[in-house]
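Reading the structure
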Amino acid sequence: MRPDRDRHATRVRNRFRAVSNRAMRRQRLVHSSRVWGLRLALAGSAAALVWFVIANLSPWSVPTTLRHLAASQNCDTARAVDLAPARRGEPGYWAENDRDHDGIACEAWPPDRQRVLR
């Protein structure tokens, strides 16, 4: 009679474990959905704030401003977004991309010979 009791106790223990695991999975799912929902809401709010700032405070149109911000990385990126070479005050000009400090960022190197000869 002892093996039947052990088998029954094992079945009951396994059933309790299954119910407990299901409840834990549900609790983790609810928690992660709340966390990701909060992260998504914060990311959306940040994106809306950035869009508002770009649209209202930039002297250029939104696409030009976004290209200008992308051009800040390096001259290859500025050339890729078609903003190089750029003069001081124009979109695409970043002081860190102006190596010789002449007011023109991402100029062709070596410089054109015709321009140098003039």
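Since the model is a prediction, treat every value here as computed from it, not as a measurement.

What follows concerns the overall build of the protein. A count of helices and strands for the protein gives 4 helices and 2 strands. Starting at the N terminus and ending at the C terminus, the protein contains elements arranged as α-α-α-β-β-α. Its C-alpha radius of gyration of 31 Å places the protein more than 25% over the 13 Å reference for a compact globule of 118 residues. For the protein, the C-alpha atoms occupy an extent of roughly 110 × 35 × 20 Å along the three principal directions.

Moving on: the side chain of Thr 65. Counting through the fold element by element, Thr 65 comes out in helix 2 (residues 62–70). A relative accessible area of 5% places Thr 65 in the buried class. When near neighbours in sequence (up to four residues on either side) are disregarded, Thr 65 contacts Ile 54, Ser 58 and Trp 60.

Attention shifts here to helix 2. Every buried residue of helix 2 is listed here: Val 62, Thr 64, Thr 65 and His 68. Buried residues of helix 2, viewed axially, fall in a sector of 160 degrees; they line one side.

Attention shifts here to the state of the cysteines. One pass over the structure, following the stated rule, counts 1 disulfide. Covalently, Cys 75 is tied to Cys 106 through a disulfide, its sulfur atoms 2.3 Å apart. On the S-S bond that ties Cys 75 to Cys 106, the torsion sits near -85 degrees, and the link is left-handed. Linking Cys 75 in helix 3 (residues 75–80) with Cys 106 in the loop between strand 2 (104–105) and helix 4 (113–117), this pair joins segments that are 31 residues apart in sequence. According to the relative accessible area criterion, Cys 106 is buried, its value standing at 4%.

Right, let's get into unusual backbone geometry. With an omega dihedral of -5 degrees, the bond running from Ala 84 to Pro 85 counts as a cis peptide bond. When you line up the elements, Pro 85 lands in the loop between helix 3 and strand 1 (86–87). Even without being glycine, Cys 106 reaches a positive phi, approximately 60 degrees.

What counts, and at which threshold
- In this convention, every chain numbers its residues from 1, walking through the sequence in written order.
- Predicted model: local features are reported for residues with pLDDT of at least 70 only, side-chain atom pairs are reported and counted for 80 or more only, and whole-chain, interface and lining totals are derived from all residues.
- To obtain the side-chain values, all non-hydrogen atoms of the structure were included, while hydrogens and water were left out.
- We count a stretch as a helix when DSSP gives it H or I for four or more residues in a row; a strand needs E for two or more, and each element gets its number in order from the N terminus.
- The globule rule is 2.2 Å times the number of residues to the power 0.38, and the radius of gyration it is compared with is taken over C-alpha atoms.
- With a 1.4 Å probe rolled over the protein chains alone, any residue whose accessible area is under 20% of its type maximum counts as buried; one over 50% counts as exposed, and the rest are partly exposed.
- The contact criterion used is simple: two residues touch if any of their non-hydrogen atoms lie within 4.5 Å.
- By arc we mean the arc of the directions from the helix axis to the C-beta atoms, nothing more.
- In plain terms, two cysteine sulfur atoms within 2.5 Å form what is called a disulfide here.

By themselves, these observations are geometric and do not establish any function.
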